[in-house]
Amino acid sequence: METLTYSNIFDYFSATTGIKESVIREKLRSDGVESVSSLLRSFGREMFSMDTVLAETLTDARGKIKILDSSRPIFKHISLLLGLHRADENFATSPIVIEIRDTAIKGSRHYIAKRVSDVVMEAAQKHPVFGAYASALIQRDKRFEGLVNSSFLKMFSSTAGVRDGMRILLNMQNSSSLLEDTAAMAVVTGSLILNMQKSVSVLRSDSAPIQNLMRASLLFHSFLKHGRGHLSVCAKDDELKRALEICSNPIPLPVFGAGNSENTIVKSIVTSHVFMKLLEKNGHSISSGDAYVSMNYLADAGYADDSAVLRLSGLFLPESRSKGLEMARRLRQVCKFKPFIWGAQGSPASVRMLCGKGYCSYAKGGRVCVISDIKVKADKDYPTGIKAGDYFQCTRFLNQLENFLGYRQAKVS
């Protein structure tokens, strides 16, 4: 027998309907039992099912007075419990332990999945950074909304999952920042998934890897905000727990360097989280070249995944700028001095390669003085390993970048 435990009847009402406990208590004081009963009936479907019963006897808080026997359908006694609490504001009971059989969940899980999905989709279109892109994506590709909804539906497929869905909805209604972050992760992760499906025909929106990535991304910020024991649907999600472990440290250790063993889901969640926070903290748009240069710094330092950064730039940047960054990173790997990428507004290459080894025969381009060690501000301040000092443009790589992009532009035209 599967049971759910709530600290009191108002905790149960709130988790089942998504209405704050304080609102229900105040309405009970001001409007009375019948008014609250009608409100609960209009929101809490599973609460009024014959298959929703008390799994344990309900007593007063001290366990001395029996109030309701176990196996009683809870909905038949809601008015009684409300009446006891209205008559005495200090009245309290033992925890509410509920058994909800699967037959009571079938309608509820579709209902709550649709409610949460609708809230996230609306927030995505209003997001200060991703809003315009999200609106266009929703109009352009109907699979996106289906992917979000099906992911929530899979999360809330069990008794505990439906309760989690109500708590997620309540948390989002109570925290605009949590809702914005969840919506942004939906946009970023959903876009990556749809882009992957275009290039790999065997991937489907209901495949296990795709669903695992989408579900973990949607739950990431709720889990991060409220702690690891907050949602039962995450209890066995090792990938989500690992992503949280990486992102929860004051200054996380570089974990995405050469030879790292993290799987694709962990890499994608962490990198997407850092990316959206970088845009938010620095006021960048999703097409800002500087944002992707910064993400490349983080990939070089091991705080983001190189492949995930490459997918993000390919998704949100114009093709010429994305290919320029990709080429610059490849060139960087072949030089023992490892010059770093620097934004170059107005340059045909979109980027420059700066080298601190002034004695190199190729480091003869324009001099750039970096006045302080470069850090990237995202969810935290990340060090990059790029120190203050004089740097020089690598003429060899600049010529190769410009030749490469000139060839691409000629080929397109």
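Residues numbered from 1 in each chain as written. Predicted model: local features only at pLDDT ≥ 70, side-chain atom pairs only at ≥ 80, totals over all residues. Heavy atoms only, no water.

Student: For this particular structure, what's the right way to read the overall build of the protein?
Tutor: A count of helices and strands for the protein gives 16 helices and 11 strands. Put simply, the protein has 413 residues, and 51% of those count as buried. Long-range pairs, those at least 24 residues apart, make up 68% of the contacts in the protein between residues at least 6 apart in sequence. (Helix = DSSP H or I, 4+ residues; strand = E, 2+ residues; numbered from the N terminus. Buried < 20%, exposed > 50% of the residue type's maximum accessible area, 1.4 Å probe, protein only. Contact = heavy atoms within 4.5 Å.)

Student: Is there a simple way to explain the pattern of salt bridges in this structure?
Tutor: Pairs may arise between side chains of opposite charge once their charged atoms sit close together. Applying the stated rule across the entire model yields 19 salt bridges. For the salt bridge of Lys66 with Asp69, the shortest nitrogen-to-oxygen distance reads 2.9 Å. Look at Asp69 and you get partly exposed, because its relative accessible area is 30%. The salt bridge involving Lys114 is made with Asp118; its shortest N-O contact spans 2.8 Å. Taken together, the positions of Lys114 and Asp118, both in helix H5 (residues 106-126) and four residues apart, correspond to about one turn of that helix. Because the salt bridges share partners, they merge into one network encompassing Asp300, Asp306, Arg329 and Arg332. (Salt bridge = Lys/Arg side-chain N within 4 Å of Asp/Glu carboxyl O.)

Student: How should I be thinking about the packing of aromatic side chains in this particular structure?
Tutor: One pair of aromatic rings is described through two measures. These are the centre distance and the angle between the planes. In the structure shown here, the tally under the stated rule is 14 aromatic pairs. Ring geometry for Phe275 and Phe316: centres 6.0 Å apart, planes at 15°, overall stacked. Of this pair, Phe275 sits in helix H12 (residues 264-282) while Phe316 sits in helix H14 (residues 306-316); the two residues are 41 residues apart in sequence, bridging distant segments of the chain. You can call Phe275 buried: its relative accessible area is 0%. Assessed through its relative accessible area of 7%, Phe316 is described here as buried. Look at Phe340 and Tyr391: their rings are 4.9 Å apart centre to centre, the planes differ by 80°, and that puts the pair in the edge-to-face class. With Phe340 in strand S6 (residues 340-343) and Tyr391 in strand S11 (residues 389-393), this residue pair connects regions lying 51 residues apart in the sequence. (Phe/Tyr/Trp six-rings, centres within 6.5 Å; stacked < 30°, edge-to-face > 60°.)

Student: Sorry if this is basic, but what is going on with the layout of surface pockets here?
Tutor: A water-sized probe rolled over the atoms picks out the places where empty space is left. Quantified by volume, the largest pocket comes out at close to 310 Å³. Lining the largest pocket are 20 residues, and of these Ala299, Asp300, Asp306, Arg329 and Gln333 lie nearest its centre. Of all the elements in the fold, those that place two or more residues in the lining of the largest pocket are helix H13 (289-301), H14 and helix H15 (319-333). Top contributing element to the lining of the largest pocket by residue count: H15, with six residues. A per-class count over the lining of the largest pocket returns nine nonpolar, five polar and six charged. (1 Å grid on protein atoms, 1.4 Å probe; cavity = no way out; pocket = protein on both sides within 12 Å on 5 of 7 lines; lining within 4 Å. Points joined across faces, edges and corners; volume = space filled by probe spheres on them. Nonpolar A, V, L, I, M, F, W, Y, C, P; charged D, E, K, R; others polar.)

Student: Sorry if this is basic, but what is going on with the environment of Gly302 here?
Tutor: By the secondary structure assignment, Gly302 is in the loop between H13 and H14. Sequence-wise, Gly302 and Thr384 are 82 residues apart; in three dimensions their C-alpha atoms are separated by 8.9 Å. Once you skip the residues sitting within four places of it in the chain, Gly302 turns out to touch Pro254, Val255, Phe256 and Gly257.

Student: Would you mind going over H14 with me for this structure?
Tutor: A turn of α-helix holds 3.6 residues, and therefore any two residues three or four places apart point the same way. Burial in H14 covers these residues: Ala308, Val309, Leu312, Ser313, Leu315 and Phe316. Around the axis of H14, the buried residues are gathered within 160° of arc, so they sit on the same side. At the N-terminal end of H14, a side-chain oxygen is found 3.4 Å from the backbone nitrogen of Ser307, two or three residues along, and the residue is Asp305. (Arc of directions from axis to C-beta. Polar contact = N/O pair within 3.5 Å; in protein donor to acceptor, adjacent residues only side chain to side chain.)

Student: I would appreciate a short explanation of the nonpolar core in the present structure.
Tutor: Across soluble globular proteins, nonpolar side chains show a tendency to be buried alongside one another. Judged by nonpolar contacts, the single largest core of 96 residues is most densely connected at Val116, Phe130, Phe144, Phe152, Phe275, Tyr292 and Leu298. When residues of this core are assigned to their parent elements, the largest contribution, 10 residues, is made by helix H9 (residues 176-199). Ignoring anything within four residues of it in the chain, the contact list for Val116 reads Phe152, Phe156, Gly165, Ile168, Leu169 and Met172. (Core = buried A, V, L, I, M, F, W, Y, C linked by side-chain atoms within 4.5 Å.)

Student: Can you help me understand the sheet that holds strand S7 (residues 351-355) in this one?
Tutor: What holds strands together in a sheet is hydrogen bonding between their backbones, with the strands either parallel or antiparallel. Taken in spatial order, the four strands make up an open sheet running S6-S7-S11-S8, and their pairing is antiparallel. Edge strands, defined here as strands with exactly one partner in the open sheet, are S6 and strand S8 (367-370). If you compare each strand with its neighbour and ignore which way they point, the axes differ by 45° on average. Where S8 and S11 come together, four bridges link them in antiparallel fashion. Within S11, the residue paired with Val368 across the bridge is Tyr391. Contacts between H13 and the sheet are confined to S6 and S7, with S6 contributing the most and set at about 165° to the helix. Sheet strands touched by H15: S6 and S7. Its angle to S7, the strand with the most contacts, is close to 20°. (Pairing = 2+ DSSP bridges. Axes fitted to C-alpha atoms, helices over the stretch in contact; angles between N-to-C directions.)

Student: Looking at this structure, how should I read the packing of helix H1 (residues 9-17) against helix H8 (residues 159-174)?
Tutor: The description of two helices packed together rests on the angle between their axes and the distance between the axes. In contact at an axis separation of 6 Å, H1 and H8 are set at 85° when each is read in the N-to-C sense. Taken as axis vectors, H1 and H8 run roughly perpendicular relative to one another. Judged by residue contacts, Asp11, Ser14, Ala15, Thr16 and Thr17 of H1 engage Arg163, Met166, Arg167 and Leu170 from H8. Partitioning the contact of H1 with H8 into residue classes produces three nonpolar, three polar and three charged. (Parallel < 35°, antiparallel > 145°, perpendicular 65-115°, else oblique.)

Student: Explain unusual backbone geometry here, please?
Tutor: Residues other than glycine predominantly adopt negative phi, and peptide bonds predominantly adopt the trans conformation. The phi angle at Ser71 is positive, at roughly 70°, despite the residue not being glycine. Here Ser71 shows up in the loop between strand S4 (66-68) and helix H4 (78-87). Residue classification places Ser71 among the exposed positions, given a relative accessible area of 54%. Positive phi is not limited to glycine here, since Lys338 has a value of about 50°. With respect to the helices, strands and loops of the structure, Lys338 is situated in the loop between H15 and S6. Given the relative accessible area of 34%, Lys338 is considered partly exposed.

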